[in-house]
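Observations on the model geometry
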Amino acid sequence: MERTFIMIKPDGVQRHLTGEIIHRFESKGFTLVGLKMMQVSRELAEKHYGVHKQRPFFNSLIEFITSAPVIAMVWEGESVVTAARNIIGATNPVTAAPGSIRGDLGVSIGRNLIHGSDAIETAQTEVALWFQEEELISWKPVRHSWLYE
Ligand code: IDP
Ligand code: MG
């Protein structure tokens, strides 16, 4: 079963939107297999966002992500990587579709509430970067046969 890495960023935690955000993934039908609250180190933040190192917003992004706690999660389900990106919405909350997390809850690209892996390979890399294998729990929810044909 496919897995993806999801992080509620410091603004989501500070705005007390953790429950609201987790609820959207749970009610969609995805299964939580790992979760921890973290104060992110500069080293981890720079590794996670390494692809953006040359971008003008890189330093402020690292400052922001390390400024207050985040909620790191791994979610599991069929096509969860793509589906989670749709649940999250476009990078800029101003243009993110209504109904998405960023579209409903955010107003600024530098405070867009949540991260989600952008592809299956990225998801594998990010899950491995943020979680030890023993922190992830494989379990079969009883609702499984009511979600999947
Ligand atoms: P994503 O989070 O939708 O995958 P990316 O393009 O991978 O978007 O950018 C990573 C993060 O960097 C964004 O979520 C956002 O927090 C921040 N970011 C991206 N573009 C800008 C920008 O133009 N100004 C400020 N922050 C940005
Ligand atoms: Mg990205």
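Up top you'll find the structure we're talking about.
Reference entry: report on the structure contained in this document.

1. Concerning the overall build of the protein chain
Counting its secondary structure elements, the protein chain contains 8 helices and 4 strands. Going residue by residue from the N terminus, the α and β elements of the protein chain occur as β-α-α-β-α-α-β-α-α-β-α-α. Relative to the compact-globule value of 15 Å for 149 residues, the protein chain shows a C-alpha radius of gyration of 15 Å, a close match. Over its C-alpha atoms, taken along the principal directions, the protein chain stretches across nearly 45 × 35 × 25 Å. A burial count over the protein chain gives 47% of its 149 residues as buried. Partitioning the intrachain contacts of the protein chain with sequence separation of at least 6 by distance along the chain shows that 78% fall at a separation of at least 24. Accessible surface, the protein chain as shown: approximately 8300 Å² in total, 53% of it carbon and sulfur. On the protein chain, the mean spot of the 15 positive side-chain charges and the mean spot of the 17 negative ones are 5 Å from each other.

2. A closer look at the site of ligand 1
Near ligand 1, the surroundings consist of Lys9, Tyr49, His52, Phe57, Leu61, Arg85, Thr91, Arg102, Ile109 and Asn112. Within the side chain of Thr91, a nitrogen or oxygen atom sits 2.6 Å from an oxygen atom of ligand 1. In the model, an oxygen atom of ligand 1 is placed 3.0 Å from a nitrogen or oxygen of the Arg102 side chain. Considering only residue class, the shell around ligand 1 consists of 4 nonpolar, 3 polar and 3 charged.

3. Some thoughts on the side chain of Asn112
Following the sequence through the fold, Asn112 ends up in the loop between α6 (101-105) and β4 (114-116). On the basis of relative accessible area, Asn112 is assigned to the buried category, the value being 3%. Reaching out from Asn112, the side chain makes a polar contact with the backbone oxygen of Thr91 at a distance of 3.0 Å. Once residues lying within four places of it in the same chain are set aside, the contact partners of Asn112 are Lys9, Asp11, Thr91, Pro93 and Arg102.

Rules and cut-offs
Residues numbered from 1 in each chain as written. Chains lettered and ligands numbered in written order. Predicted model: local features only at pLDDT ≥ 70, side-chain atom pairs only at ≥ 80, totals over all residues. Heavy atoms only, no water. Helix = DSSP H or I, 4+ residues; strand = E, 2+ residues; numbered from the N terminus. Rg over C-alpha atoms; globule rule 2.2 N^0.38 Å. Buried < 20%, exposed > 50% of the residue type's maximum accessible area, 1.4 Å probe, protein only. Contact = heavy atoms within 4.5 Å. Areas by Shrake-Rupley, 256 points an atom, 1.4 Å probe, with all protein chains shown as cover. Lys, Arg positive; Asp, Glu negative; His and termini not counted. Charge placed at Lys NZ, Arg CZ, Asp CG, Glu CD. Near = heavy atom within 4 Å. Polar contact = N/O pair within 3.5 Å; in protein donor to acceptor, adjacent residues only side chain to side chain. Nonpolar A, V, L, I, M, F, W, Y, C, P; charged D, E, K, R; others polar.

Scope: geometric values only; no functional claims are made or implied.
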